[in-house]
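# Commentary on secondary and tertiary structure
Residue strings, one per chain:
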Amino acid sequence: MLIMTLRNELDNFYQLNNIPENGGEDHTSFEVPLPFFNLTLPNFSWRRKMIHIHDIEHVLNKQDTTWRGEVFVASWEIATGYLRYFPVFIFPLWAMGFGLWKHPCAIMNGFFKGLNDVGVAALYRSKEQLLDTTLEELRRLTENKRTLLSPSQKWSRFLVAVLLSQLTFLSPLLIVVMALCLVL
């Protein structure tokens, strides 16, 4: 019987979602599809080192690469403590901020699930170790490892994350508005 490792799961995920091999980690740039255009951004070395983790989190959480799936995973990442990983946390924080306006239920579901999970990055396993792991083993390693939080603690963390995500998402607009105020 063939054992499906995360390597196999990721290959299937990439094919299903029309993503380049290795999640595009060898590419110098990547595109973010926005409502009216695609934004091309540089694929920084720190992003390339973590992209397999993000993609594994899509597989782990059974999320596709639509905006709904992306913002679920981004919110899940923030809730699992992704803010520790500077500067890569900027992308999920921005996506969470964007997603609040587009898919608020996905934001809440991803965040509250993440509060009870351990993030894949927090497992501190090499890429090869992760890729040789089965999905079932990864689920055991990431599920329900945190202390139970009270409802008020969960909502407090959610509201702080929402505030940070909105500041991140709206920061380009805020900078333009402040610049215009200084000029006028």
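Values in this document were obtained by computation on a predicted structure and should not be read as measured data. Within every chain, residues take consecutive numbers counted from 1 along the sequence as written. With pLDDT at 70 or above as the cut-off, local features in this predicted model cover only qualifying residues; side-chain atom pairs require 80 or more to be listed or tallied, and sums for whole chains, interfaces and linings still use all residues. Only heavy atoms go into the side-chain values, all of them from the structure, while hydrogens and water stay out.

## Concerning the pattern of salt bridges
Salt bridges are defined by distance alone: a side-chain nitrogen of Lys or Arg within 4 Å of a carboxyl oxygen of Asp or Glu. Within this structure, the stated rule accounts for five salt bridges. We note a salt bridge from Lys113 to Asp117, for which the minimum N-O separation is 2.6 Å. Classification of Lys113 by relative accessible area gives partly exposed; the value is 30%. To sort residues, take the accessible area from a 1.4 Å probe on protein chains only and compare it with the maximum for the residue type: under 20% means buried, over 50% means exposed, and anything in between is partly exposed.

## Describing the nonpolar core
Nonpolar cores were defined as sets of buried Ala, Val, Leu, Ile, Met, Phe, Trp, Tyr and Cys residues, with membership established by side-chain atoms within 4.5 Å. Ile56, Met96, Phe111, Val120 and Leu138 are the most contacted members of the largest nonpolar core, which totals 46 residues. Secondary structure elements follow DSSP: runs of H or I of four or more residues count as helices, runs of E of two or more count as strands, with numbering from the N terminus. Ranked by the residues each element gives to this core, the list is headed by helix α3 (residues 67-79), at eight residues. The contact criterion used is simple: two residues touch if any of their non-hydrogen atoms lie within 4.5 Å. Beyond its immediate chain neighbours, meaning those up to four positions away, Met96 contacts Ala74, Ser75, Ile78, Ile107, Phe111, Phe158, Ala161, Val162 and Ser165.

## What about the environment of Pro33?
The residue Pro33 is located in strand β1 (residues 29-33) in this model. With a relative accessible area of 47%, Pro33 lands in the partly exposed category. Here the alpha-carbon distance between Pro33 and Trp67, two residues 34 residues apart in the chain, equals 8.9 Å.

## Quick word on a nonpolar patch on the surface
Together, Leu83, Val160, Leu163, Leu164, Leu167 and Leu174 make up an exposed nonpolar region whose accessible area comes to about 510 Å². Secondary-structure assignment places Leu174 in helix α8 (residues 151-183). Only residues whose relative accessible area exceeds 30% and that form no salt bridge enter a patch; like-charged residues are grouped when within 9 Å of one another, and nonpolar side chains (Val, Leu, Ile, Met, Phe, Trp, Tyr) when within 5 Å. Calculation of accessible area relied on Shrake-Rupley with a 1.4 Å probe; when residues are assessed, cover is drawn exclusively from the protein chains displayed.

## A word on the side chain of Thr142
With respect to the helices and strands, Thr142 occurs in helix α7 (residues 135-142). Its relative accessible area of 1% is what places Thr142 among the buried residues. In contact with Thr142, not counting residues within four places along its chain, are Leu60, Asn116, Asp117, Val118, Val120 and Leu123.

## Some thoughts on the packing of helix α2 (residues 45-60) against α7
Packing of α2 against α7 leaves a shortest axis separation of 11 Å and a crossing angle of 95 degrees. One element, α2, and the other, α7, form an angle in the roughly perpendicular class. On the side of α2, the interface is formed by Ile56, Val59 and Leu60, while α7 contributes Leu135, Leu138, Arg139 and Thr142. Gly is placed with the polar residues, together with every amino acid not listed as nonpolar (Ala, Val, Leu, Ile, Met, Phe, Trp, Tyr, Cys and Pro) or charged (Asp, Glu, Lys and Arg). Per-class residue counts for the contact of α2 with α7 are five nonpolar, one polar and one charged. To get an axis, fit a line to the C-alpha atoms, keeping to the stretch in contact for a helix; angles then go from 0 to 180 degrees between the N-to-C directions. Convention used here: angles under 35 degrees read as roughly parallel, angles over 145 as roughly antiparallel, angles from 65 to 115 as roughly perpendicular, and any remaining angle as oblique.

## Some details on the pairing of strand β2 (residues 38-42)
Strands pair, by our definition, only if DSSP identifies at least two bridges between them. Note that β1 and β2 share five bridges and pair antiparallel. Looking at β2, one finds that Glu31 is bridged to Thr40. The hairpin formed by β1 and β2 contains four residues between the paired strands.

## A few points about the environment of Arg48
Assignment of secondary structure puts Arg48 in helix α2. Arg48 sits in the partly exposed class, given a relative accessible area of 30%. Along the chain, Arg48 and Val88 lie 40 residues apart, while their C-alpha atoms are 9.7 Å from each other.

## Section: helix α1 (residues 6-16)
Turning to α1, its buried residues are Leu6, Glu9, Leu10, Phe13 and Tyr14. For α1, the arc enclosing every buried residue in end-on projection is 135 degrees, short of the 170-degree limit, so these residues lie on one face. Of the exposed residues in α1, those oriented more than 90 degrees away from the buried face are Gln15 and Leu16. The first or second residue beyond α1 is Asn18, which carries a positive phi of 55 degrees. Summarising the geometry, the arc corresponds to the directions from the helix axis toward the C-beta atoms.

## Looking at unusual backbone geometry
Put simply, Phe86 and Pro87 share a cis peptide bond, and its omega is 0 degrees. As for its placement among the helices and strands, Pro87 is situated in the loop between α3 and α4 (90-102). In this structure, Asn22 takes a positive phi of about 60 degrees despite not being glycine. Within the secondary structure, Asn22 sits in the loop between α1 and β1. Given a relative accessible area of 30%, Asn22 falls into the partly exposed group. Of note in this structure, Tyr124 is not a glycine but carries a positive phi near 50 degrees.

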